[in-house]
Amino acid sequence: MAVLGGNYSSSALAMMTVATREKIPLLLPGAAASEITGKSCSRYTFRTQATVPVQLRGAMPYVAQLGKKVYFITPSYAYGQDVLRSARGMLKEFGATEVGVDEVPLNTADYSSYILKIRQAKPDVLIGGLIGGDFSSFLKKWNEMGMKDKIPYVSIAITDTDTDFWNVGPQASSGIFVKPWHHNNPTNTAAEKQMVAEFEKKYGRPPSDKSWSAWIAMRSLLEAITAAKSTDSKAVVGALEKWKNTEGDFPYAYCEWDHQLVKPAVIVGVKKQIVDKWDFFDVLKPTSATEADTAKAFGSKEEIGCVMPAL
Amino acid sequence: MLDTLVSQTANGLVLGFLYVLIAVGLSITFGLLGVINFAHGAFFALGAYVAYQLFQMFGWPAVVFAPFIVGVMGMVVEVLLIRRLYGKEPLLSLIVTFALALLIEALIRFFWGADGKPFNAPPFLAGVVEIGPLLMTKYRVGVLVATSATLLALWWFLSYTPYGRILRAGSRDPEMVELLGINLPRVMTAVFGLGCALAAIAGVLAAPLWAVSPSMASNAIMPAFVIVAIGGLGSFAGAVVAGLAVGIVMSLTIQFKPDAAAASMYVFMFIVMLLRPRGLFGERWERFE
């Protein structure tokens, strides 16, 4: 009666087509491409992951503090192109300039040549969007070539999950990242803290941000089914549109006109000294502090471009 | 610009040496056994994982045993499976070894999990070496030395030792070798084990450089096939020259057109195949007829 899943934006867009045709609610805990809740939006699709522009806007003030000369290294597919396009559009606003860019093919194993180029360009800060194993390979090489403490790396962590850092270890980890959620954030709600405790008890390690994304998506679905007192697709969609979480400092919900979960993300920085093999980050601040700022960060209906059809 | 080219070329040579080590094992397996081993990348990944496990249990010195362990695993696989492919059509060996590759990856996931493993360069090889425009990490210098030593040892073994001569004779005329009283099946087993051990050496050396994950085999097998095709199937010298050339081509492409880097080695292969279909050092294949 509902589907929860879809990590890559490309697969999510394909799943959306089927979900809309079959009239099945689809909850996407991953997938950050703008068009999912933009021009390709669907009445049957709900997304918890914030878009690239929203998370970048949270990161850019930190970039501006680090310096004005920016180098981009992004993966060469939809998500990476979204990062590059969105970040470039914000440079002027923050007084920064681009000194170099590399769009890297997926599944690149060796980053040494790219790092040589970055070193030659002498940027103040590196904005990245590398994903999964590519990101792990990059971090290892970045550390190995002595760049870790020389040029700060900033990225939105839509696909750089906790597991990517656990894969490289404390020695090679560095940077500032925007994440949907962090397990050790002191402002986590009681329900989130309980989820963390139960997860650690069962799996011997804390939940990653991806785990939280799936958890909140499933929670919203189950609460919507309970509220609708039905598993009928239209009833569930209607209940999801009315769903709201009021446990935090301010409530958050799926936006009525694009089904995007409107919730602040959290900005984290890799600790200088990592002593816990599962806890690599210091929580710096949320991307927005108030409900109004959060809504503004996610954009207006005209900016997003979603025209939601009838059920 | 010259500094840039020198740096990237040097970087490409190191990358190329790693690719050579991956490819030469594949080339030997085909050259001496006539089997196209699609599971070669899986043994590369196995080398990395066994090295990681040995490091966790016994520390850095134990890592040197990883290739031997994987070589023995390869010999077991040869006895149980691969020897049934000798003399059969190449498509069969491709299909069977492809299935073997999937099996090995599944076993890696089963024993070590789907997540990657943190495995960085040893502390005694940390740091960088800067000589003028050249910037290289100490670990990569170590990879260069280790790979060169391995290739030299392999060449010496195949060219100047009695056992190496038996291996090469067995590939040319297996019937005559058997008539001379040499246990050819045992020789074949050793050759396959050697090919797997070479892949494992490459995996051990690559583990601190690349992400150690169950899917790392694909990062090795595709360049290996490209290099073997460019160099010529079964040619040791071809694998060396082609590997270095591919490494340099990729590094220079990254410098000037990074989004084409992944495709560059295939374009290079395409050009070589057009001009010389058997590869740079390929020979006409006469055995198993």
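This is a predicted model, so every value here is computed, not measured.

**Section: the domain arrangement of chain A**
All names here are of chain A. Here the domain parsing of chain A yields domain 1 (3–50 + 188–263) and domain 2 (53–179 + 266–278). Each of domain 1 and domain 2 has a C-alpha centre, and the two are 27 Å apart. At the junction of the two partners, domain 1 supplies 12 residues and domain 2 supplies 13 residues. Counting residues per element, the ones that place at least two in the side of domain 1 that touches domain 2 are α1 (9–22) and α8 (209–228). The residue makeup of the side of domain 1 that touches domain 2, split by class, is 4 nonpolar, 5 polar and 3 charged.

**Structural notes on the nonpolar core**
By size, the foremost hydrophobic cluster in this structure holds 171 residues, and its most contacted members are B:Leu18, B:Ala200 and B:Ala202. Ranked by the residues each element gives to this core, the list is headed by helix α1 (residues 2–33) of chain B, at 16 residues. Two domains share this core, each providing at least three of its residues, namely domain 1 (3–50 + 188–263) and domain 2 (53–179 + 266–278) of chain A. Setting aside residues no more than four positions away along its own chain, B:Ala202 makes contact with B:Leu18, B:Leu21, B:Ile22, B:Phe44, B:Gly47 and B:Ala220.

**Looking at the interface of chain A and chain B**
Counting from both sides, the interface comprises 30 residues of chain A and, opposite them, 29 residues of chain B. Every element with two or more residues in the side of chain A that touches chain B is listed here: β5 (97–104), α4 (112–121), α5 (132–144) and α6 (162–168) of chain A. Partitioning the side of chain A that touches chain B into residue classes produces 9 nonpolar, 14 polar and 7 charged.

**Quick notes on the sheet that holds strand β2 (residues 26–28) of chain A**
Residues and elements named next belong to chain A. Across the sheet, 3 strands lie side by side as β1-β2-β3; this open sheet has parallel pairing. Across the chains shown, the open sheet's two edge strands, defined by having one partner strand only, are β1 (3–4) and β3 (45–47). The pairing of β2 with β3 spans 3 bridges and is parallel. Bridging across to β3, Leu28 finds its partner in Arg47. Contacting β1, β2 and β3, α1 runs over the sheet at an angle of about 165 degrees to β2.

**Looking at helix α2 (residues 40–58) of chain B**
The first and last C-alpha atoms of α2(B) sit 27 Å apart over 19 residues, in line with the 27 Å expected at 1.5 Å per residue. Phi for B:Gly59, located one or two positions after α2(B), is positive at around 95 degrees.

**Some details on the sheet that holds strand β9 (residues 244–245) of chain A**
Residues and elements named next belong to chain A. Sheet architecture is open: 3 strands sit in the order β9-β10-β11, paired in antiparallel fashion. This sheet does not close on itself; its edge strands, each paired only once, are β9 and β11 (261–262). Pairing of strand β10 (residues 252–254) with β11, which is carried by 2 bridges, proceeds in the antiparallel orientation. Note that in β11 the partner of Tyr254 across the bridge is Leu261.

Each value, and the rule that gives it
- Residues numbered from 1 in each chain as written.
- Chains lettered and ligands numbered in written order.
- Predicted model: local features only at pLDDT ≥ 70, side-chain atom pairs only at ≥ 80, totals over all residues.
- Domains from an automatic or database assignment.
- Contact = placed C-beta atoms within 7 Å.
- Helix = DSSP H or I, 4+ residues; strand = E, 2+ residues; numbered from the N terminus.
- Nonpolar A, V, L, I, M, F, W, Y, C, P; charged D, E, K, R; others polar.
- Core = buried A, V, L, I, M, F, W, Y, C linked by C-beta atoms within 7 Å.
- Buried ≥ 20, exposed ≤ 12 C-beta atoms within 10 Å, placed from the backbone.
- Pairing = 2+ DSSP bridges.
- Axes fitted to C-alpha atoms, helices over the stretch in contact; angles between N-to-C directions.
- Expected span 1.5 Å × (residues − 1).

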